[in-house]
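An overview of the molecular structure
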Amino acid sequence: MSRRRRLPPRWFIRSFWVGHRFVYRVTGGRFGLWRARDTRWGTMRITTRGRRTGRTRVAIIAYLEDGPNLTALAMNGWADPEPAWWLNLQADPDVTVMLPGGPRDVHARAAAGEERARLWARWAEVDEGLDDYAARRSRATAVVVLEPRPGP
């Protein structure tokens with residue numbers, strides 16, 4: 001019988017990501033982002049427009065590469081509500097992300113069907129507790145595909 005993976009308390013997860021954004025901002029972007037590798041996810045900075053306020057919103061999220069695309073999980077620290085960045089992307093899917101190598105203009109969409117299953121399996125290779133964590137949510141976790149788009 002396998003044991004269910006434990007998550008740190010919600011306050012710790014939120015504090016970690018707040019601290020992560022702080023380090024990125026204070027160092028002028030020199031620290032806080034790293035490239036994805038075969039065996040680990042990377043981090044990117046995503047800037048969205050608030051769906052209700054129209055204000056700029058910034059988040060640092062994990063990503064994996066899938067050919068020319070980037071993929072992310074809309075997990076909100078495994079809490080039940082959808083993360084604000086994902087809700088904002090659904091309202092306005094054309095954004096720019098900042099990667100360790102520089103900015104990239106992308107168009108966001110949710111993966112579905114076989115593509116979602118394939119990408120979920122890839123994430124599970126990198127994070128063996130993925131299914132246990134996802135089971136904590138009452139809804140399926142969206143696999144977000146960020147496809148390259150031409151610049152402005």
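As a starting point, this report considers the structure included with it. Remember, predicted model here, so these are calculated numbers, not experimental data. (Residues numbered from 1 in each chain as written. Predicted model: local features only at pLDDT ≥ 70, side-chain atom pairs only at ≥ 80, totals over all residues. Heavy atoms only, no water.)

Before going further, it helps to examine the overall build of the protein chain. Of the regular secondary structure elements, the protein chain holds 4 helices and 6 strands. Shown N-terminal to C-terminal, the secondary structure of the protein chain runs as helices and strands in the order α-β-β-β-α-β-β-α-α-β. For 152 residues, the compact-globule formula gives about 15 Å, and the C-alpha radius of gyration of the protein chain, at 15 Å, lands near that figure. Dimensions of the protein chain, computed from C-alpha atoms along their principal axes, come out at roughly 50 × 35 × 35 Å. Burial analysis of the protein chain (152 residues in total) assigns 38% to the buried set. A separation of at least 24 residues holds for 65% of the contacts in the protein chain among residues at least 6 apart in sequence. (Helix = DSSP H or I, 4+ residues; strand = E, 2+ residues; numbered from the N terminus. Rg over C-alpha atoms; globule rule 2.2 N^0.38 Å. Buried < 20%, exposed > 50% of the residue type's maximum accessible area, 1.4 Å probe, protein only. Contact = heavy atoms within 4.5 Å.)

Attention now goes to the environment of Ala 117. Along the chain, Ala 117 falls in helix H3 (residues 113–126). The partly exposed category is assigned to Ala 117, whose relative accessible area is 47%.

Turning our eyes to something else, we now look at a nonpolar patch on the surface. A cluster of nonpolar side chains, contributed by Phe 22, Val 23, Val 26 and Phe 31, occupies part of the molecular surface with about 390 Å² of accessible area. Locating Phe 31 in the fold gives a position in the loop between helix H1 (10–26) and strand E1 (42–49). (Patch = residues over 30% accessible without salt bridge, like charges linked within 9 Å, V, L, I, M, F, W, Y side chains within 5 Å. Areas by Shrake-Rupley, 256 points an atom, 1.4 Å probe, with all protein chains shown as cover. Salt bridge = Lys/Arg side-chain N within 4 Å of Asp/Glu carboxyl O.)

Turning next to the pattern of salt bridges. Oppositely charged side chains are able to pair whenever their charged atoms sit close together. Following the criterion strictly, the structure yields 8 salt bridges and no others. Between Glu 82 and Arg 137 there is a salt bridge, and its shortest N-O distance comes to 3.5 Å. Remark: Arg 137 occurs in the loop between helix H4 (130–134) and strand E6 (142–148) and Glu 82 occurs in the loop between strand E3 (69–74) and helix H2 (84–91); sequence separation between them is 55 residues. In this pair, the class of Glu 82 matches that of Arg 137, namely buried. Note that Arg 109 and Glu 115 form a salt bridge whose closest N and O atoms lie 2.8 Å from each other. By relative accessible area, Glu 115 is classed as partly exposed at 21%. Each of the salt bridges in this network shares a partner with another, and the network as a whole consists of Arg 109, Glu 115 and Glu 147.

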